[in-house]
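Take a look at the letters that make up each chain.
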Amino acid sequence: MAADTATHAVDTAAHAGFDLLPVVVLLGAAVVAVPLFKRMGLGSVLGYLAAGLAIGPFGLGLFAEPQSILHVAELGVVMFLFVIGLEMQPSRLWAVRGEIFGLGLAQVGLCIALLTCVGLAPGYPAPQSFVAGTGFVLTSTAIVMQMLEERHALALPKGRRIVAILLLEDLAIVPLLALVAFLAPGGGNVTLAERLASVAIGLASIAALVAAGRYLLDPMFRLLGRAKAREVMTAAALFVVLGAALAMQLGGLSMAMGAFLAGVLLSEASFRHQLEADIEPFRGILLGLFFLGVGMALDLTVIAANWRLIALAVCAYMVLKTLGIYAIARLFRAGNREAIERAVLMAQGGEFTFVLYAAATAVGIIDARADVILTATIIVSMGLTPVLIILHDRLMPKPAPNAEGAEAPENLSASVLLIGFGRVGQIVSQPLLAHSCSISIIETDTQMIRDARDFGFKVYYGDGTRLDILHAAGAAEARIIVVTVNDRAASLKIIELVKAEFPLVPVIARAQDREHTVELIHAGVDWQIRETLESALAIGEKALALMDVDEEERARVLADVRRRDGERLAIELTDGLYAGRDLIHGNAAR
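Since the structure is predicted, the reported quantities are computational estimates derived from the model, not experimental observations.

Draft legend 1. Representation of the pairing of strand S6 (residues 527–530) within the structure. Alternating residues of S6 divide into Gln 528 and Arg 530, all buried, and Trp 527 and Ile 529, none buried. Bridge analysis of strand S5 (residues 507–511) against S6 gives four bridges, and the strand direction is parallel. Bridged to Arg 510 within S6 is Ile 529. Read as a crossover between parallel neighbours, the route from S5 over helix H23 (residues 514–523) to S6 is right-handed.

Draft legend 2. Fine view of the packing of helix H6 (residues 126–137) against helix H15 (residues 307–331). The contact between H6 and H15 brings their axes to 10 Å, and the two run at 60°. The orientation of H6 relative to H15 falls into the category oblique. Helix-helix and strand crossings are classified by hand; for H6 and H15 the assignment is right-handed. Here Ala 132, Gly 133, Phe 136 and Val 137 of H6 come into contact with H15, specifically with Tyr 317, Met 318 and Lys 321. Of the residues contributing to the contact of H6 with H15, the split by class is five nonpolar, one polar and one charged.

Draft legend 3. Seen up close, the layout of surface pockets. Taken as a whole, the second largest pocket encloses approximately 460 Å³ of empty space. Taken together, 19 residues line the second largest pocket, and the ones lying closest to its centre are Tyr 124, Ala 132, Leu 309, Tyr 317 and Leu 374. No other element matches helix H18 (residues 368–395), which puts five residues into the lining of the second largest pocket. Its residues placed into classes, the lining of the second largest pocket shows 13 nonpolar, four polar and two charged.

Draft legend 4. Molecular detail of the sheet that holds strand S1 (residues 416–419). Reading across the sheet, the six strands line up as S3-S2-S1-S4-S5-S6 and stay open at both edges, with parallel pairing between neighbours. Among the strands making up the open sheet, the edge pair consists of strand S3 (460–461) and S6. Helix-sheet contacts for helix H19 (residues 423–434) involve S1, strand S2 (439–443), strand S4 (480–483) and S5, and the interaxial angle to S1 is about 165°. Here H23 sits on the sheet in contact with S5 and S6, set at roughly 160° to S5.

Draft legend 5. Expanded view of the confidence of the model for the protein. Confidence in the prediction for the protein averages 79 pLDDT; 84% of positions are at 70 or higher. Below a pLDDT of 50 lies the segment residues 5–18, which in the model reaches zero contacts outside its immediate sequence neighbourhood of four places, other chains included. Here residues 577–590 is modelled with pLDDT under 50, and outside its nearest four sequence neighbours on either side it reaches 33 contacts, counting other chains as well.

Draft legend 6. Focus on the packing of helix H22 (residues 488–501) against H23. The interhelical angle for the contact between H22 and H23, taken along N-to-C directions, is 15°, at an axis separation of 9 Å. Judged on the interaxial angle alone, H23 and H22 are roughly parallel. The element H22 and its partner H23 pack so that their crossing is right-handed. In this structure, H22 uses Arg 488, Ser 491, Leu 492, Ile 495, Glu 496 and Lys 499 to contact H23, whose residues at the interface are Glu 515, His 516, Glu 519, Leu 520 and Ala 523. A breakdown of the residues in the contact of H22 with H23 according to their chemical character gives four nonpolar, two polar and five charged.

Draft legend 7. Structural context of the pattern of salt bridges. Tallying each qualifying case throughout the model produces 19 salt bridges. In this structure, Arg 342 and Glu 338 form a salt bridge, with 2.9 Å as the shortest nitrogen-oxygen distance. Within this pair, Arg 342 and its partner Glu 338 are both found in helix H16 (residues 336–345), separated by four residues, close to a single helical turn. Glu 338 gets classed as buried once you look at its relative accessible area, which sits at 16%. In the salt-bridge network here, residues are joined through shared partners; they are Arg 151, Lys 158, Glu 341 and Asp 393.

Draft legend 8. Fine view of the packing of aromatic side chains. In total, this model carries two aromatic pairs according to the counting rule given. Ring geometry for Phe 136 and Tyr 317: centres 5.0 Å apart, planes at 20°, overall stacked. Here the residue Phe 136 occupies a position in helix H6, and Tyr 317 occupies one in helix H15, the gap between them amounting to 181 residues. Taking relative accessible area as the criterion, Tyr 317 reaches 4% and is therefore assigned buried.

Draft legend 9. Structural view of the nonpolar core. By size, the foremost hydrophobic cluster in this structure holds 112 residues, and its most contacted members are Phe 82, Leu 148, Ile 279 and Phe 291. It is helix H8 (residues 157–183) that contributes the most residues to this core, 11 residues altogether. Setting aside residues no more than four positions away along its own chain, Phe 82 makes contact with Val 240, Val 241, Ala 259, Phe 260, Ala 262, Gly 263, Leu 266 and Ile 279. In terms of nonpolar packing, the next biggest core, distinct from the first, is built from 27 residues, Leu 417, Val 507, Ala 511 and Leu 520 among them.

Draft legend 10. Inspection of the pairing of S4 at higher detail. Bridge count between S1 and S4: four bridges; the pairing is parallel. Counterpart to Val 416 in the pairing with S4 is Ile 480. Both S4 and S5 contribute to a ladder of three bridges, which runs parallel. Counted as the bridge partner of Val 483 is Ala 509 from S5.

Draft legend 11. Spotlight on unusual backbone geometry. You will see that Ser 436, though not glycine, has its phi angle at about 65°, which is positive. With respect to the helices and strands, Ser 436 occurs in the loop between H19 and S2.

Draft legend 12. Expanded view of H16. Most of H16 sits out of view: seven of its 10 residues are buried. Taken together, the buried positions of H16 are Glu 338, Ala 339, Glu 341, Arg 342, Ala 343, Val 344 and Leu 345.

Calculation rules
Residues numbered from 1 in each chain as written. Predicted model: local features only at pLDDT ≥ 70, side-chain atom pairs only at ≥ 80, totals over all residues. Heavy atoms only, no water. Buried < 20%, exposed > 50% of the residue type's maximum accessible area, 1.4 Å probe, protein only. Helix = DSSP H or I, 4+ residues; strand = E, 2+ residues; numbered from the N terminus. Pairing = 2+ DSSP bridges. Right-handed = clockwise from strand over helix to strand, strands pointing away. Axes fitted to C-alpha atoms, helices over the stretch in contact; angles between N-to-C directions. Parallel < 35°, antiparallel > 145°, perpendicular 65-115°, else oblique. Left-handed = near helix turned anticlockwise from the far one by under 90°. Contact = heavy atoms within 4.5 Å. Nonpolar A, V, L, I, M, F, W, Y, C, P; charged D, E, K, R; others polar. 1 Å grid on protein atoms, 1.4 Å probe; cavity = no way out; pocket = protein on both sides within 12 Å on 5 of 7 lines; lining within 4 Å. Points joined across faces, edges and corners; volume = space filled by probe spheres on them. pLDDT = per-residue confidence, 0-100. Salt bridge = Lys/Arg side-chain N within 4 Å of Asp/Glu carboxyl O. Phe/Tyr/Trp six-rings, centres within 6.5 Å; stacked < 30°, edge-to-face > 60°. Core = buried A, V, L, I, M, F, W, Y, C linked by side-chain atoms within 4.5 Å.

Right, dumping it as structure tokens:
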């Protein structure tokens, strides 16, 4: 009996080990490829795609059915949209309704018209041309959102406009699927009652989800919160996301749309941040898995057999879509740079395209061969997007500063020359002005100059790394120069210039961290302070006070901390190396 049990355990372990192999391979490929590609400046998306291609059927052949992985990995897109929904309170969503149904509808409409012509021009039937072109109009939410996140643009106005367009495209999948059914051979025989029934089912699914979100979810999470079981809260978060996605799918709508609606409904709940924290690990892993699946699904044999047709389709669709997006962006008064960036970001086809093409194949609008070629076209366009973004960032000239309303320095003379008028420079100026010191201020941010003027400050436009600007700003006549720019390389260059040309003028500088402090001292700065040091010590002193430590003891402790910090800094300067660790805890002292 014991022997049988042991044998069964070994067999189970062996079976479990076999099942774990695909998971280990997927994670290993991501762990190797993504950091490597990010280090080369190519971005994480391209790393995932390359890793998927390497381990897929046309690389090492470790996976034979990438489509099965794609189906699971689509949950990453679903969870990604749920997290986006959590950030979109109904009030904020209502505020961008014009961009969703104005800008989004205009872009989708124009791009559908342009891309349908790609199929009509060589003589393909209108239904096939429409479905093929319309599928390419549906942008990859996963790629664009990942790119916006990496570029820290999600919260910017230009990022919000792209998100609004993506939302409209997600909503558009519903009428497009209905239109595919209508365009199918024999689709015209579908009765009006059947079409109305499908629309009613979709609307009922949305209404049921909204009602559940309003009346059931908040009480449920409050009840679970009182139970204080973290794993149950995580399970409940997953249940809400996947349940909402399933409800929309059963209603004939998009899973991603259901997840987004669930996120919006929970966006004003008190436990929103807890939900986001619980979902985030699953979202990141599954989204990476989606990109891996896309890379694996790239059928190189199909591309090799039809490379001319696929290359022509990719070029035609991407070029026309780019032109359409740019035209609509300019029509809606976006700047030239924003319009180009939006066009490059959204030039590819997306994951919902696979759903549309599969539906069209099922009803006979396109055949299996056309489906494979069109799918390959979409995947190639998705793989090209990170490359196009890199080319955009490298080739697009940097924006010239708008110096309107900003005056260049000329023959200035003051006791203090302040270089940089950001958050630190503004605070530094206050005690100097309060003591009636004369100050000349130069800054390179023209918007900051205009804002400062509204508050009564006279700030000149000037780059402190240029010697002619320093002369014009009165560096030679100043009693002291204060450098508070938020650019460590620029601050080092300024100090080197000042100490070389005006060696008798004392220089005070802002240091961002300990390493920067060492660099500034080597550059010859007369006095520097790490911007976080005194504020952190003040917080520490306040914490001691709240713990009833008397004032004398607090002063002794802080003096000891400062002494140890100074000793460590002296050691680093003597050794000529940056260790970056303090003497108290051995942690990085920034």
